[in-house]
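# Structural overview for review
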6 protein chains.
Amino acid sequence: MKFEIVKIDVPKDCNVILGTAHFIKTVEDLYEALVNSVPNIKFGIGFCESSGPCLVRHEGNDEELRRLAAEKAFELSCGHSFIIFIKNAYPINVLDKIRKVPEVCTIYAATANPLQVILAETEQGRGIVGVVDGFKSKGIEKDEDIRARKEFLRKIGYKLG
Amino acid sequence: MKFEIVKIDVPKDCNVILGTAHFIKTVEDLYEALVNSVPNIKFGIGFCESSGPCLVRHEGNDEELRRLAAEKAFELSCGHSFIIFIKNAYPINVLDKIRKVPEVCTIYAATANPLQVILAETEQGRGIVGVVDGFKSKGIEKDEDIRARKEFLRKIGYKLG
Amino acid sequence: MKFEIVKIDVPKDCNVILGTAHFIKTVEDLYEALVNSVPNIKFGIGFCESSGPCLVRHEGNDEELRRLAAEKAFELSCGHSFIIFIKNAYPINVLDKIRKVPEVCTIYAATANPLQVILAETEQGRGIVGVVDGFKSKGIEKDEDIRARKEFLRKIGYKLG
Amino acid sequence: MKFEIVKIDVPKDCNVILGTAHFIKTVEDLYEALVNSVPNIKFGIGFCESSGPCLVRHEGNDEELRRLAAEKAFELSCGHSFIIFIKNAYPINVLDKIRKVPEVCTIYAATANPLQVILAETEQGRGIVGVVDGFKSKGIEKDEDIRARKEFLRKIGYKLG
Amino acid sequence: MKFEIVKIDVPKDCNVILGTAHFIKTVEDLYEALVNSVPNIKFGIGFCESSGPCLVRHEGNDEELRRLAAEKAFELSCGHSFIIFIKNAYPINVLDKIRKVPEVCTIYAATANPLQVILAETEQGRGIVGVVDGFKSKGIEKDEDIRARKEFLRKIGYKLG
Amino acid sequence: MKFEIVKIDVPKDCNVILGTAHFIKTVEDLYEALVNSVPNIKFGIGFCESSGPCLVRHEGNDEELRRLAAEKAFELSCGHSFIIFIKNAYPINVLDKIRKVPEVCTIYAATANPLQVILAETEQGRGIVGVVDGFKSKGIEKDEDIRARKEFLRKIGYKLG
């Protein structure tokens, strides 16, 4: 067994969601979950089928994001993993809808940060072991940071003051 | 810390589900979640208690699957992990019901593929690090593969045409 | 890439919950989810912001648990991970409410056991790879253990006889 | 405004589920939710579109149940209501999957009993006001009834003893 | 068909939850959902079985609340309805857990207010038509009321300022 | 007891959602659920507090929709009911997020149709009895209608062909 890192650079104004599911129907079900989430969402989905022809299955409503998701899923090549790139929407808009897709097992990351996916490869195949999502913590927030955080969340309307 | 691989061969016509939870009540709650899912489902559950007597707790309504689940859970010996073998039902029928069990943390895999569970062992105990679920991707599906996939899903009645 | 272990000793009468989410709003949303769960719950939350200032964000309604959660999150320094210490409540009371927080991705552990968090560190940052939750299994429960388990769960009122 | 009762006799070995949703996509989404629930489920769905052509939309994988659901939905003619007849499955197997369909508002009944649907009709249209599901209570269970109930649920394997 | 009102006075420091479900297992499943919700919760559950013996089924961990729930359920006598009285917990702590019980259809009210349940009675049986939960609105809140409401919610720790 | 109808005309390009909840925190929790749903959503919320001052509580991020929701909630004056007007989003985008708000009991309608809310008024207060959502069914769809429906849903991208 050896470990390997696949780096995912998220395109500008996009977010990436990485998880695992099972069964080729996953790509159609994820497609429907996403079109139900946000009226103008654009997205691409790649899913690693892991038996039979073992193809990367892909869907989407944006050709560029679909191509990117398929290529990145192939670079991962981890059985039953999926990767989604979204635009015009944020992960908080879609995560609950993705989680409800009946094939989905877990979600490893939802982020706009540079993402490193840590894989294990055996003679049989490959699997996700973890992710490095963005950067290492630099300190613990102090009272003034807390104040600034709260003000920011209320200013953008996510929280009420 | 050392890494180790436990191989799980899923019996014919069965699927395996691997996850983590906590508290010995998990086995009874998983039992009830599964009997509520599909009228004729057969299953066995093994759960690794990780304090006190540290026994593998097990339940089920099929003696053979119950024995298998208990033995495989013991082979894993990862604190608070559970393993379920199901027959007469598919993971899409049961995953949402398993996820709602109040002790469940995460689901690592739901599959009929050969499964390799990657563990870490320390002086304290053992934990799941990842899974290799089936085989490595062989390529990205092309237009004709997409067509065949869609036709197949509509032929078996999972999707409407 | 190197692996590292962070040890978490859960204070007496407390439980710890470890997971991943995204976005600094997570700490406020987790706060609200927890106050909605159990009337007298006491808790502290730490969350590793992983872009911009990369601070550990923290909230809570108990100063000691809040300080502990912030310090342990900083010790983890895994981008987008969160850690919660709870008192006067059990994980089964709160896990579903945590899972519904729109930023949450996955939950790695919910336990009162000693917990070892296995991390991977790269040049970019750090990520959770797995956990060792309590101790290795010592055997498979036998008929008398099953009987004792069922009696115990019925005696404490968690299950009906 | 006048009140009216529509009587629904559930066919042998079937159950009926009555609820409200919105949007014609409901029938396809309910179809998919039901095929995901139980491997051999048979069902028919009728849904009252309530704008434009105002047709009863219907789907299913059993011609007889589909015809029945369409006819009963038309007899109800309550805007945005749906009615489902299922065979080879019980409501406990499917209710959570129906509730997750993104168009569904509420579920009024899930039963094998004779069902009376109480409607209100105005100049504009019709709406469900309530249901009479089976028969009036005849008494409060006594200790021996409780014992018999618990034994029955444990004998059929729905609960563990 | 005639309409009738059943009045429910909620005991001091208690809340009542009224809904519909199906199948006698409901009382055991509601029991378990409630004991999983809040460590010291006290409750009584009554459920109107609506076929066969048509008994009010009841469970609980507080004799007085159990007796009250059984009697009020019998006063309602609406097929497949349930009524729950809770103490040491609030509806926000338990509603999601009740909704996940696989037999539950809908929830009509969760309140500490005086509650009037409007029923319809036919020759066949009885059904809930609606509830009057507390009192009629007296006006629309003004700026000073909004300010007071927000301050109150932040003072009791339910919302962050 | 007398019955009454309140008519709700949904503004152009808007949808209305009608339901019941409890506790004044509902308006803040619904606010947050809605801002988490769709990036550009505009909405107003009105909620009928039904004890103490019995004011209509309101929130929103669009003054006109907020005013409308408060006024319509006051016209309803049904204890613990809420009404939401949304723009730039559809009910399928938000219903699951509304249902997860811990105070919410049920959802009566989600529609762009003219809506009649049927109320019951007693000496104590008022309650929702049902809704007439749009218009009465005019017939059962035929093969050509089914074909047209499927084509439409696939053309707008909600379903895959």
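Residues numbered from 1 in each chain as written. Chains lettered and ligands numbered in written order. Predicted model: local features only at pLDDT ≥ 70, side-chain atom pairs only at ≥ 80, totals over all residues. Heavy atoms only, no water.

## Describing the overall build of chain A
Across its full length, chain A carries four helices and nine strands. If you list the helices and strands of chain A from N to C, you get β-β-α-β-β-α-β-α-β-β-β-β-α. In terms of overall dimensions, chain A has C-alpha extents of about 55 × 40 × 25 Å along its principal axes. Of all 161 residues assigned to chain A, the portion counted as buried reaches 71%. Restricting the contact set of chain A to residue pairs at least 6 apart, pairs at least 24 apart contribute 65%. When the accessible surface of chain A is totalled, it reaches about 5,200 Å², and 51% of it is carbon and sulfur. Where the 23 positive side-chain charges of chain A centre and where its 23 negative ones centre are 6 Å apart. (Helix = DSSP H or I, 4+ residues; strand = E, 2+ residues; numbered from the N terminus. Buried < 20%, exposed > 50% of the residue type's maximum accessible area, 1.4 Å probe, protein only. Contact = heavy atoms within 4.5 Å. Areas by Shrake-Rupley, 256 points an atom, 1.4 Å probe, with all protein chains shown as cover. Lys, Arg positive; Asp, Glu negative; His and termini not counted. Charge placed at Lys NZ, Arg CZ, Asp CG, Glu CD.)

## Quick word on the interface of chain F and chain D
Listed as interface residues are 41 residues of chain F and, on the opposing side, 46 residues of chain D. Around 3,600 Å² of area is buried between chain F and chain D when both sides are counted, 56% of it from carbon and sulfur atoms. Linking chain F with chain D are eight salt bridges, by the criterion used here. The closest approach of N and O atoms between Glu121 of chain D and Lys136 of chain F, which form a salt bridge, is 2.8 Å. Between the two partners, chain F and chain D, sit 22 residue pairs in polar contact (both at pLDDT 80 or more). Of all the secondary-structure elements, those providing two or more residues to the side of chain F that touches chain D are β1 (2–8), α3 (91–99), β6 (106–111), β7 (115–121), β8 (126–133), β9 (139–140) and α4 (143–155) of chain F. Among the elements that take part in the side of chain F that touches chain D, α4 of chain F stands out by supplying seven residues, more than any other. Considering only residue class, the side of chain F that touches chain D consists of 22 nonpolar, eight polar and eleven charged. With two bridges connecting them, strand β4 (residues 55–60) of chain D and β9 of chain F associate as parallel partners. Bridge assignment links Leu55 of chain D to a residue of β9 of chain F, and that residue is Gly139 of chain F. (Buried area = accessible area lost by both parts, 1.4 Å probe. Salt bridge = Lys/Arg side-chain N within 4 Å of Asp/Glu carboxyl O. Polar contact = N/O pair within 3.5 Å; in protein donor to acceptor, adjacent residues only side chain to side chain. Nonpolar A, V, L, I, M, F, W, Y, C, P; charged D, E, K, R; others polar. Pairing = 2+ DSSP bridges.)

## Quick word on the relation of the copies chain F and chain D
Rotating chain F by 120° and moving it 0.0 Å along the rotation axis overlays it on chain D with an RMSD of 0.0 Å. Expressed as an axis order, the relation between the two copies is that of a three-fold axis. The position closest to the rotation axis in chain F is occupied by the C-alpha of Val129 of chain F, lying 3.3 Å away. (Least-squares fit on C-alpha atoms with pLDDT ≥ 70 in both.)

## Describing the relation of the copies chain E and chain F
Each copy of the chain is related to the other by a rotation around an axis and a translation along that axis. Overlaying chain E with chain F gives an RMSD of 0.0 Å, the required rotation being 120° about an axis along which the chain moves by 0.0 Å. An asymmetric contact is evident, with only 12% of the interface residues of chain E recurring at the interface of chain F.

## Considering the interface of chain E and chain F
How big an interface is tends to be stated in terms of the accessible area lost upon association of its parts. Listed per partner, the contact involves 41 residues of chain E and 46 residues of chain F. Regarding the contact of chain E and chain F, the summed buried area is about 3,600 Å², with carbon and sulfur atoms giving 56% of it. Counting across the interface, chain E meets chain F through eight salt bridges. Put simply, Lys150 of chain E and Glu59 of chain F hold a salt bridge, and the shortest N to O gap is 3.8 Å. At the junction of chain E with chain F, the criterion picks out 23 residue pairs in polar contact (both at pLDDT 80 or more). The dominant element in the side of chain E that touches chain F, judged by the number of residues it contributes, is helix α4 (residues 143–155) of chain E, at seven residues. The residue inventory of the side of chain E that touches chain F, partitioned by class, reads 22 nonpolar, eight polar and eleven charged.

## Some remarks on the sheet that holds strand β3 (residues 42–48) of chain F
Strand order in this open sheet of six strands is β9(E)-β4(F)-β3(F)-β5(F)-β2(F)-β6(F), and the pairing throughout is mixed. Because the sheet does not close on itself, it has two edges, and the strands there are β9 (139–140) of chain E together with β6 of chain F. Packed on one face of the sheet, α3 of chain F meets β2 (14–20), β5 (81–87) and β6 of chain F and runs near 170° to β6 of chain F. (Axes fitted to C-alpha atoms, helices over the stretch in contact; angles between N-to-C directions.)

## Description of the pairing of strand β4 (residues 55–60) of chain B
In the case of a regular strand, side chains alternate between the two sheet surfaces. Residues and elements named next belong to chain B. Counting buried residues along β4, six of its six residues qualify, which places the element largely inside the surrounding structure. Here β4 shows a buried face lined by Leu55, Arg57 and Glu59 and a second buried face lined by Val56, His58 and Gly60. Where strand β3 (residues 42–48) meets β4, five bridges bridge the pair, whose relative direction is antiparallel. Following the sheet pairing, Phe47 is matched in β4 by Arg57. Linkage of β3 to β4, two consecutive antiparallel strands, is achieved through a turn of six residues, within which Gly52 is found at a positive phi near 60°.

## Focus on unusual backbone geometry
Despite not being glycine, His80 of chain B shows a phi value in the positive range, around 70°. Mapped onto the secondary structure, His80 of chain B falls in the loop between α2 (63–76) and β5 (81–87). Here the phi dihedral of Asn88 of chain E falls at roughly 65°; this positive angle occurs in a residue that is not glycine. Here Asn88 of chain E lies in the loop between β5 (81–87) and α3 (91–99). For Asn88 of chain E, a relative accessible area of 43% gives the class partly exposed.

## Structural notes on the environment of Glu64 of chain C
Structurally, Glu64 of chain C is set in helix α2 (residues 63–76). Glu64 of chain C sits 36 residues away from Glu28 of chain C along the chain, and the two C-alpha atoms are 18 Å apart.

## Considerations on helix α1 (residues 25–35) of chain D
With eleven of its eleven residues buried, α1 of chain D lies for the most part within the structure. Those residues of α1 of chain D lying buried are Lys25, Thr26, Val27, Glu28, Asp29, Leu30, Tyr31, Glu32, Ala33, Leu34 and Val35 of chain D. Contacts from the buried residues of α1 of chain D go to α1 (25–35) of chain A, β3 (42–48), β4, β5 (81–87) and α3 (91–99) of chain D together with α4 of chain F.

## A few points about the packing of α1 of chain A against helix α4 (residues 143–155) of chain B
Contact geometry for α1 of chain A and α4 of chain B: axes closest at 10 Å, N-to-C directions at 85°. Our classification of the angle between α1 of chain A and α4 of chain B gives roughly perpendicular. Listed contacts from α4 of chain B to Lys25, Val27 and Glu28 of chain A of α1 of chain A are Arg149, Lys150, Leu153 and Arg154 of chain B. Across the contact of α1 of chain A with α4 of chain B, the residue classes tally to two nonpolar, no polar and five charged. (Parallel < 35°, antiparallel > 145°, perpendicular 65-115°, else oblique.)

## A closer look at the side chain of Asn113 of chain C
Within the fold, Asn113 of chain C resides in the loop between β6 (106–111) and β7 (115–121). Reaching out from Asn113 of chain C, the side chain makes a polar contact with the side chain of Asp133 of chain C at a distance of 3.0 Å. Once residues lying within four places of it in the same chain are set aside, the contact partners of Asn113 of chain C are Ser50, Ser51 and His80 of chain B together with Ile8, Val10, Asp133 and Gly134 of chain C.

## Concerning the packing of helix α3 (residues 91–99) of chain B against α3 of chain D
At a minimum axis distance of 11 Å, the contact between α3 of chain B and α3 of chain D shows a crossing angle of 75°. When the axis of α3 of chain B is compared with that of α3 of chain D, the two are roughly perpendicular. Here Ile92, Asn93, Asp96 and Lys97 of chain B of α3 of chain B come into contact with α3 of chain D, specifically with Ile92, Asn93, Asp96 and Lys97 of chain D. In the contact of α3 of chain B with α3 of chain D, the residues fall into two nonpolar, two polar and four charged.

## A short note on the confidence of the model for chain A
Looking at chain A, pLDDT values average 98 and 100% of them are 70 or higher. Both scores are available for the predicted complex, with the pTM at 0.98 and the ipTM at 0.97. (pLDDT = per-residue confidence, 0-100.)

## Remarks on the sheet that holds β1 of chain F
Residue and element names in this part refer to chain F. Ordered by their spatial adjacency, three strands build an open sheet running β1-β7-β8, and the pairing between neighbours is antiparallel. Where the open sheet ends on each side, the last strands, each with one partner, are β1 and β8. Taken pair by pair, the neighbouring strands of this sheet meet at an average axis angle of 25°, ignoring direction. In terms of strand pairing, β1 meets β7 through seven bridges, oriented antiparallel. Along β7, the bridge assignment pairs Phe3 with Ala120. The strands touched by helix α2 (residues 63–76) are β1, β7 and β8; relative to β1, the strand with the most contacts, the crossing angle is about 165°.

## Thoughts on the pattern of salt bridges
Counted according to the given criterion, the structure contains 138 salt bridges over all chains. For Arg149 of chain B, the salt bridge is made with Glu141 of chain B, and the minimal N-O distance between the two is 2.7 Å. The exposure class assigned to Arg149 of chain B is buried, which follows from its relative accessible area of 2%. Notably, a salt bridge pairs Lys25 of chain C with Glu103 of chain C, separated by 3.2 Å at the nearest N-O pair. Of the two residues, Lys25 of chain C sits in helix α1 (residues 25–35) while Glu103 of chain C sits in the loop between α3 (91–99) and β6, which places them 78 residues apart along the sequence. Grouping residues by exposure puts Lys25 of chain C and Glu103 of chain C together as buried. Put simply, Lys25, Asp29, Glu32 and Glu103 of chain A, Lys159 of chain B, Lys25, Asp29, Glu32 and Glu103 of chain D together with Lys159 of chain F are held in one network by salt bridges that share partners.

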